[in-house]
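What follows is each chain in one-letter form.
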Amino acid sequence: MDYIIKIIRKKKHPFFSKTTWRLAWKDARFNIGRLMLFISSIIIGVAGLVAINSFNENLQNDIDEQAKDLLGADLAIESDNYPFADSLIHPVDTLGLEIASDARFASMVYFPKNSGSRLIRVIALEGMYPFYGVIELTEGSNIKDFRDGNSVLIDESLALQFEINVNDSLKLGNGVFHISGIVIQFPGSTSVTTTFTPSVYLPYSRVEETGLIQYGSRVEYNRYYRMEEENVQKAVEYVETIEDENDYDWSTVESRKEDLSKGFQNLYRYFRLLGFVALILGCIGVASSVFVYMREKRNSAAVLRCIGASGWQIFWIFFIQVSVLGIIGSILGVTAGIGIQYFLPWVVSDFLPLEVSLFLSWKSVGEGLLVGLIISILFSALPLTNIRFVAPMELIRGNENPSRIRSKFRIFIIALILLFPWLFAYYQTDDLLKGSAFYFGLLFAFVCLYFISRGLIFFLQKVMPKNLRFIWKQGFSNLFRPNNQTSVLVIVIGLGAFLISTMSLIQNSLLGQVEFVGSGERSNTVLFDIQPYQKEGVLNLVKEYDIPIQQEVPIVTMRLQGVRGRTIEEIREDTSEHVSDWALTHEYRVTYRDSLISSEKLAEGELMKGSYNEGDSLFISISDRLAERLDLKLKDELVFNVQGLPITTYVGSTREVDWQRVQTNFMVVFPKGVLETAPQFFVVIARIDNKQVAANFQQDLVKTYPNVSLIDLNLILNTIDDIFNKIAFVIRFMALFSIITGLLVLSGAVINSKYARLKENVLLRTIGALQKQINGMTLIEYGYLGLFSGLAGSILALIASWALAEFFFDTLFFPDFISLVIIWIVISLLTIFIGWYNSRSILKSSPLEVLRRET
Amino acid sequence: MEYILEVENVTKSFKLGDGNELTILNDINFKVQSGSGISIIGPSGSGKTTLLGLCAGLDQPTGGSITLNDIQLNRLSEDDRAYVRNQYVGFVFQNFQLLPTLSALENVMVPLELRGEKNIENRAKELLSRVGLGERTKHFPAQLSGGEQQRVAIARAFIGNPKILFADEPTGNLDEETAEGITHLLFEINREMSTTLVMVTHNSELAEQTGRILKLHGGKLIEDTFVER
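Everything numeric in this text was worked out from a predicted model, so none of it was measured. (Residues numbered from 1 in each chain as written. Chains lettered and ligands numbered in written order. Predicted model: local features only at pLDDT ≥ 70, side-chain atom pairs only at ≥ 80, totals over all residues.)

Caption draft 1: Local environment of the overall build of chain B. A count of helical and extended segments in chain B gives 7 helices and 10 strands. Counting only residues that meet the buried cut, chain B has 45% of its 229 residues in that class. (Helix = DSSP H or I, 4+ residues; strand = E, 2+ residues; numbered from the N terminus. Buried ≥ 20, exposed ≤ 12 C-beta atoms within 10 Å, placed from the backbone.)

This is the structure we're talking about:
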């Protein structure tokens, strides 16, 4: 008869047993060093996440709090180039409790005190703007005098540059004004924008004295309202009905918040992506370090099993170790993250339009601790579950290839491991589609690398010549022999290379957005707003100073009236059309010429040579981006409205334009012989190498042609370089997180592979293999792995970063192949180095010693 | 007559990759009286170690049954067998198998700690003194010689007052002189505590000391000899 034996014993959950905790502690106290990779992975992953998310939260919070002060009003309406028509704006005016306005335009300023001059922005202010926040002034400034219309204010950066004080004077166009105050902060300005183009604040009543507003001058008119909250919406609804035909734009506190957030979107997105990558690398680091650790602990587990510990008891012993270290790692990571968060605003403060306050984001702290704990537990759970099933017989028999165990718990953990990065990607991007794209992209890379590794093994087995020298044969054979780690290493090294290279490529693309590309011969001076009647005089003045003119460009402003036989209104009302609204309503600045300039390349068609003959079809050239935005092909019809006169044109060619170059680049180029008689102004581009010549020329120009503006590109380029370096620093600093984590993870994985070769190498050594032979085999095996995996990762990174640039960051993709190759080489060398380092312990000791220790 | 270990029709086989079966042990039968000693000998590959592992509950037989202290092991789960080992069984291995991260004293204490017993330190110290390592309690395995490590292993094996001790080539890794000392110690404590001893060895002199020798060949029990002492 069959019978069942049950052992009934008092069961206390092993987790709550003091013995379990005591054994966990006793075993762990000398093993902390072995878990360094584990702790480092968590620290770096969590630190990156906390710093990034916390800073983002601080910034978002500040945007929310300061948006009203930044706008300075409840509603602002902007009109490009034309003053507000009273009849049109009247309904809005009636809703306002208080109204102010300004006109903004570029001009040269001249300081008689020291004959200094430069391009500035004039803000001609009327009314008591700002209604919220204040104009921050230096001590001794007198804003009342300015409000009364008696004087002007200037930005602090301008005052510092020309050593101007309160009570000095300046010349704007034809008018001379007394300076009564120096502005530290004006609503909405950043120290970067004021360094680029500092402002002079002028009472609106005195604009006429300057004589600066002429045809072709770009003037932006703003109208500010303080109004009840319920009226803001009414006013916006009204403005929306008239904004298109009058080229109005509006901002409310809410829309400003959104704009500001959008302004930092790419930075946010990049940081969030880095957070995701740092964390994923952290996860791989955790999994691989615990895997190594558990492998080392199999024997101890088997001993414990022999003397009576249950599988779960062993599981909990190591689980406690991992969790406690995970918590310590998370706390250290959070602390490091907070440190970095305090450091970030100091670096980025110059290009933020608001003061970033520093507060401890408890949400991010909690998030960091939670995520740290989750990854430390979740990603170590798989190797931990295996330790539960260590057979005590391993002590006697040994077991080099533990069989795979299928348990419900294990399947559950695998499901969670697959789910967690997906959920986290969704959380980081706040967009299911983009989050899923990240996740599946990563999964795709994973699968690709797996198949590449299988292909590599297959290829080597098929093509390896039989008559290779011993070390070559041995080195290559190691890649496909039983117990090889080729797949694991190709996946981990490849994934590391993939993530590091992707971050680096994306960093380059983002930096490429702000980088100026130009040779040493680049232009450094631009004169613009030259009226036709001034052209000859200005050119003569340039010649007098012996300044080489590099370009002389006529500019005509115009708007689109029709595309392919349909009016702009018809296209905009047609919901099936997906052309860019901006491209339809934008005021185009157009030039005419019959040749390409250095920043252009012909993409399709031909540029019309010579002059246009009346009666022929008028073929123009457009940029490829405009063709894309308006969905245009060669020979498509475009009707432009040039100062009230419709001109029918056809697309004759498209050009690739390098917009990063400091050049006068145009979306639309007309042939010669069409626009010469249209109202226009000129831009002259030159290069002045001598500073003294530049200063004298500027002074003469401002005195003779006060409306002509001069941009000193050297000044701007220096400022840009400075800002660019800061942004680049932030981006690189954050990218460093993922790179360090990646390298740590790679090291862990390669160290792990040591066990596969250890016994073999010891035996080879025992039977007489020389040090150089073992070294040679190691170099061949790891060199091949490093080179191949790194290359595979780099190629995948190219694809991924292109997709990210195109679809996620909406920016041009600038692949930096040099960085890619450097990363590839570094990863290959690192793999070889760790492989060699692993075998050192065998080479440095006598075979017997190693055999006794390791076998 | 009271038997501590009963092995009935035990077979152990493994499935090979090509679908065939490899039989390691074939229809083994024997019983071991409480407090007696027994040695298992035989050439390499004869199944000695496998049989020891099965008797100790470290593995499951493919067929037959093993009863240890009236508990039929092959009907128990791995965790229940672990409990049985903890309560009734002691082990001494050829490679000592101490936990490298624990000191000698801590290694000896572990089996009792797993039982949840308290105030065990003095007992462990006494036992370590008994095996001649009273001054080395705080040393870690790596700081002890092979002979000393095996002494710690013996102390660990006996701390729980096991009913049966399984020893797998306990002197296999030791020089002749040290081996003699260890053998002497093992038998002496075994006698003092009236423990049953089951030992796998290649050494016929050592085997004879247990009083009974089981000889295996090709997975079969071919001789069961009682030695007069």
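Next, the rest of the story.
Caption draft 2: Spotlight on the overall build of chain A. Within chain A, the regular secondary structure consists of 27 helices and 21 strands. Contacts spanning at least 24 positions in sequence make up 86% of the contacts within chain A whose residues lie at least 6 apart. (Contact = placed C-beta atoms within 7 Å.)

Caption draft 3: Inspection of unusual backbone geometry at higher detail. Each neighbour pair has its own omega, and for Y129(A) with P130(A) the value is -5 degrees, a cis peptide bond. Tracing the sequence through the fold places P130(A) in the loop between β3 (116-126) and β4 (136-137). The phi angle at N161(B) is positive, at roughly 45 degrees, despite the residue not being glycine.

Caption draft 4: Structural context of the nonpolar core. Ranked by internal contacts, the top residues of the largest apolar core, which has 267 residues, are V152(A), I154(A), V200(A), L202(A), C55(B) and F166(B). The element best represented in this core is helix α10 (residues 265-306) of chain A, accounting for 24 residues. When sequence neighbours within four positions are dropped, the list of residues in contact with F166(B) reads L52(B), C55(B), A56(B), V89(B), F91(B) and V198(B). (Core = buried A, V, L, I, M, F, W, Y, C linked by C-beta atoms within 7 Å.)

Caption draft 5: The arrangement of the interface of chain B and chain A in detail. Facing 28 residues of chain B, the contacting portion of chain A comprises 26 residues. Of all the secondary structure elements, the ones that give two or more residues to the side of chain B that touches chain A are α1 (48-55), β5 (71-72), α2 (78-88) and α3 (104-115) of chain B. Ranked by the residues each element gives to the side of chain B that touches chain A, the list is headed by α2(B), at 7 residues. For the side of chain B that touches chain A, the per-class residue count stands at 12 nonpolar, 7 polar and 9 charged. (Nonpolar A, V, L, I, M, F, W, Y, C, P; charged D, E, K, R; others polar.)

Caption draft 6: Molecular detail of the sheet that holds β5(B). All names here are of chain B. Pairing is antiparallel across the open sheet formed by 4 strands, whose spatial order is β2-β1-β4-β5. The sheet terminates laterally at β2 (21-33) and β5, the two strands that pair on one side only. Of the strands in this sheet, β1 (3-15), β2 and β4 (63-68) touch α1, which is tilted by about 125 degrees from β1. (Pairing = 2+ DSSP bridges. Axes fitted to C-alpha atoms, helices over the stretch in contact; angles between N-to-C directions.)

Caption draft 7: Examining the pairing of strand β14 (residues 587-592) of chain A more closely. Where strand β12 (residues 549-563) of chain A meets β14(A), 4 bridges bridge the pair, whose relative direction is antiparallel. From the neighbouring strand, M558(A) faces β14(A), where its bridge partner is Y588(A).

Caption draft 8: Looking closely at the packing of helix α1 (residues 18-28) of chain A against α3(B). Interaxial distance between α1(A) and α3(B) falls to 10 Å at its minimum, and their mutual angle equals 155 degrees. Accordingly, the angle class assigned to the pair α1(A) and α3(B) is roughly antiparallel. Remark: the crossing between α1(A) and α3(B) carries left-handed chirality. Taken together, the residues of α3(B) that come into contact with α1(A) (itself represented by T19(A), R22(A), L23(A) and K26(A)) are E106(B), E113(B) and L114(B). (Parallel < 35°, antiparallel > 145°, perpendicular 65-115°, else oblique. Left-handed = near helix turned anticlockwise from the far one by under 90°.)

Caption draft 9: Quick peek at the environment of I685(A). All names here are of chain A. Inspection of the secondary structure puts I685 in strand β20 (residues 681-686). Here I685 falls in the buried class, since 21 other C-beta atoms lie within 10 Å of it. Expressed as a C-alpha distance, the spacing of I685 and N524, which sit 161 residues apart in the sequence, is 7.8 Å.

Caption draft 10: Structural view of the sheet that holds strand β3 (residues 37-41) of chain B. All names here are of chain B. Within the open sheet, the 6 strands sit side by side as β6-β7-β8-β3-β9-β10. Their pairing is mixed. The sheet is open, and its two borders are formed by β6 (89-92) and β10 (220-226), each paired with just one other strand. Ignoring strand direction, the axes of neighbouring strands in this sheet form an average angle of 15 degrees. Alignment of β3 against strand β9 (residues 212-217), held across 3 bridges, turns out to be parallel.

Caption draft 11: Here's a closer look at the packing of α3(B) against helix α5 (residues 146-158) of chain B. All names here are of chain B. Interhelical geometry of α3 versus α5 gives an angle of 25 degrees and a closest axis separation of 7 Å. The angle between the axes of α3 and α5 places the two elements in the roughly parallel class. In this structure, α3 crosses over α5, and the sense of that crossing is right-handed. Between α3 and α5, the contacting residues are A104, N107, V108, V110 and P111 on the first element and V152, A155 and R156 on the second. Residue classes in the contact of α3 with α5 are distributed as 6 nonpolar, 1 polar and 1 charged.

Caption draft 12: Layout of the pairing of strand β7 (residues 164-168) of chain B. Residue and element names in this part refer to chain B. Counting buried positions along β7 yields 5 of 5 residues, so the element is predominantly enclosed. Examined bridge by bridge, β7 and strand β8 (residues 196-200) share 5 bridges and lie parallel to one another. The residue bridging I164 from the neighbouring strand is T196, located in β8. With respect to chirality, the unit in which β7 leads through helix α6 (residues 176-193) into the neighbouring parallel β8 is right-handed. (Right-handed = clockwise from strand over helix to strand, strands pointing away.)

Caption draft 13: Quick peek at the environment of I500(A). Residue and element names in this part refer to chain A. Summarising the element assignment, I500 is placed in helix α17 (residues 486-514). Classification of I500 as buried rests on a count of 31 C-beta atoms within 10 Å. When the C-alpha atoms of I500 and I827 are compared, they prove to be 9.9 Å apart, with 327 residues separating the residues in sequence.

Caption draft 14: Geometry of helix α12 (residues 362-388) of chain A. For α12(A), spanning 27 residues, the distance from its first C-alpha to its last is 37 Å, which sits close to the expected 39 Å at 1.5 Å a residue. Where α12(A) bends most, at A381(A), the angle is about 50 degrees, and the proline P383(A) comes one to four residues later. (Expected span 1.5 Å × (residues − 1). Bend = angle between axes of the 7 residues up to and from the residue.)

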